[in-house]
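Here is how the chains run, residue by residue.
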Amino acid sequence: MYNFDEIIDRQGSHCVKIERMTEIWGRNDLLPLWVADMDFKTPPCIMDAIKERLKHEVLGYTCPHEGYYAAIIHWLHKRYGMEARKEQIQFVPGIVPGINMTLHALTQRGDRIIVQPPVYHPFRQVIEGSGRILVNNPLVLKEDRFYLDFAHLRKVIKGCKVLILCNPHNPGGRVWSVEEMETLAEICAKHGVMVLSDEIHADLTLPPHKHLPFAMVSPEAREASVTFMAPSKAFNMPGLVASHLVVYNDVLREKLFHYIRYNDLDLGNVFAFLGVEAAYNHGASWLEQLLVYIQSNIDFVDQYLQRSMPKIKAMRPQASYLLFLDCRELGFATPEALDHFFVAGAGLALNNGALFGEEGRGFMRMNTAAPRSVLERAMRQLEKAYNTLN
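Scoring rules and cut-offs
Residues numbered from 1 in each chain as written. Predicted model: local features only at pLDDT ≥ 70, side-chain atom pairs only at ≥ 80, totals over all residues. Heavy atoms only, no water. Buried < 20%, exposed > 50% of the residue type's maximum accessible area, 1.4 Å probe, protein only. Helix = DSSP H or I, 4+ residues; strand = E, 2+ residues; numbered from the N terminus. Arc of directions from axis to C-beta. Contact = heavy atoms within 4.5 Å. Salt bridge = Lys/Arg side-chain N within 4 Å of Asp/Glu carboxyl O. Pairing = 2+ DSSP bridges. Axes fitted to C-alpha atoms, helices over the stretch in contact; angles between N-to-C directions. Phe/Tyr/Trp six-rings, centres within 6.5 Å; stacked < 30°, edge-to-face > 60°. Lys NZ or Arg CZ within 6 Å of the ring centre and 35° of its normal.

Draft legend 1. Spatial organisation of helix H3 (residues 44-53). Every buried residue belonging to H3 is among Cys45, Ile46 and Ile50, and all of these are buried. All buried residues of H3 lie within an arc of 135 degrees about the axis, which places them on one face of the element. Buried positions along H3 lie against helix H11 (272-282).

Set out below in C-alpha cells:
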C-alpha cells in the first residue's frame, strides 16, 4: 500500500540532516545517513489529521484531549500488554527534555546517575548539564553484540540515584532479554536506584524479537521507574515533538507531574496531540509494512558489506533502522581519521561511534531508513573508497 522507494526531496524544508552538514563537515554534498529520522513520507493518517485540523484557521493554545489518552492506553495494551490509566500518563515535548525534567524534579545537584555506553549521547549531556555526576557502566561487546555488564554495575551502583536505560538500545540495536531485564531490575531495587527507561525505539522492534517495557519486568521495576515513549521514531513525526511519560508510583508521579505542569513544561503544539492519536489509532498497518522494508534494507547493507567490504561488519539491530558498523579492521587510529574516510573518501555523513562513548570508537552509525536506491548509492560510494585502502 505504501511506496517506501519514493525519493522525497527534503531540500528547503529546514531538515536538520541536510541543513547542519555544512556546520559539522564543511560541505553540503554528502549523502545524509546520520540523524535518526526517516526519508519516507509520514503516514497518510497523520498527514490527513493535520490537514483536517488546518481547516480550522485558529492555531491557538492546545491541550491534550480524551482521544489522545485513549489512543496511548489502547496502543500500550495491544502492543505490549501494558496497562495504564489516564492519570499515569504525562505529555512532554520530547524524550530528552523529559529526562531532563525528571532529573530536576526527582534528584539533586551532585547526585550520581548511571549510563551504559556506548549509548545515545544526550543522556550524558543532560546529566552533566544539570549538575549531576555521570557514572559509566560500559556495555560488553561479545560476538558482535552488546551485553549489560552486571558485575561492573554492582561495583559502581552504590550511592547512585538513577540509571538511564536505553530500551531498546541505541546505537547497538539490542532488544534486552527478559533475563537481562530481570537481573537489572533486581540490582537497581536492591540499591534503591530509580530507572528512567527510554523506549522510543520500542515500536521499531524487528520480528521475531519482542519488546519488554521495563515497568513490566517486576512489581519492583514498576514502582521504581519512569517510562519514556513516543511515536516519533516509528511513525516519522519527530517534528511534532510529542512524547509521553508513564509513571505508576504515586509518590514519584505526583512530584514529577507537579514539577512539569507548574513549570509550564507540558504545552504541546497544535498538531502534537492529534498526531499521536492518529498514529496509534490508524498507523499500525503502515508500521507493519515499514518494518518489512527496513528489515530488507538492513539485509541489503549487511550482505553488500560481507560480499564487497568484509573489513566493515554490520551489527545487525534487533530493533530500529540504525545500523552500527564495526570499522575497526580498517585500521584508522582516531575517530577523526575514520570520519575523514567516510566524508572525503565516500561522501557519506554518518554518526561517529565515539560520539556515544569511548566504547564506540572504531564504529560508525548508519541510518538505513531511506529508499533502497539511496542505500545502493551509498554502498557504491563506500565500496569505491574502501577499495582505495587496499
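Draft legend 2. Main features of the pattern of salt bridges. Going through the model one piece at a time under the given rule, you end up with 16 salt bridges. Ionic pairing is found between Glu6 and Lys41, a salt bridge with its closest N-O pair at 3.5 Å. Of this pair, Glu6 sits in the segment before helix H1 (16-19) while Lys41 sits in the loop between strand S1 (31-32) and H3; the two residues are 35 residues apart in sequence, bridging distant segments of the chain. A residue is classified by how much of its surface remains accessible, and Glu6, at 30% relative accessible area, is partly exposed.

Draft legend 3. Broad picture of the sheet that holds strand S11 (residues 313-315). Reading across from one edge, S11-S12-S15-S14 is the order of the four strands in this open sheet, with antiparallel pairing throughout. Sheet topology places S11 and strand S14 (351-352) at the edges, where each strand pairs with a single neighbour. Bridging between S14 and strand S15 (residues 363-367) involves two bridges; their strand directions are antiparallel. What sits directly across from Asn352, in S15, is Met364. The sheet strands contacting helix H13 (residues 335-345) are S14 and S15, and the helix crosses S15 at an angle near 40 degrees.

Draft legend 4. Region of interest: the packing of aromatic side chains. Under the counting rule described, the total for this entry stands at 21 aromatic pairs. Ring geometry for Trp75 and Phe235: centres 5.8 Å apart, planes at 70 degrees, overall edge-to-face. Here Trp75 is found in helix H4 (residues 66-80), whereas its partner Phe235 is found in the loop between strand S9 (225-229) and strand S10 (243-246), with 160 residues between them in sequence. Neither residue differs from the other here; Trp75 and Phe235 are each classed as buried. The rings of Phe4, Phe40, Trp75, Phe235, Tyr280, Trp286 and Tyr293 are connected pair by pair, giving a single aromatic cluster. The side chain of Arg222 reaches across the aromatic face of Tyr248, ending 3.7 Å from its centre. Directly above the aromatic system of Tyr304 lies the positively charged group of Arg307, at a separation of 5.0 Å from the ring centroid.

Draft legend 5. Expanded view of unusual backbone geometry. In the segment running from Asn167 into Pro168, the intervening peptide bond is cis, with an omega of 0 degrees. Note on placement: Pro168 falls in the loop between strand S7 (160-166) and helix H8 (178-190). Residue Pro208 is bonded to the preceding Pro207 through a cis peptide linkage, with omega at 10 degrees. Mapping Pro208 onto the fold places it in the loop between strand S8 (194-198) and helix H9 (219-223). The phi angle at Asp264 is positive, at roughly 60 degrees, despite the residue not being glycine. Take Asp264: it is sitting in the loop between helix H10 (250-262) and H11.

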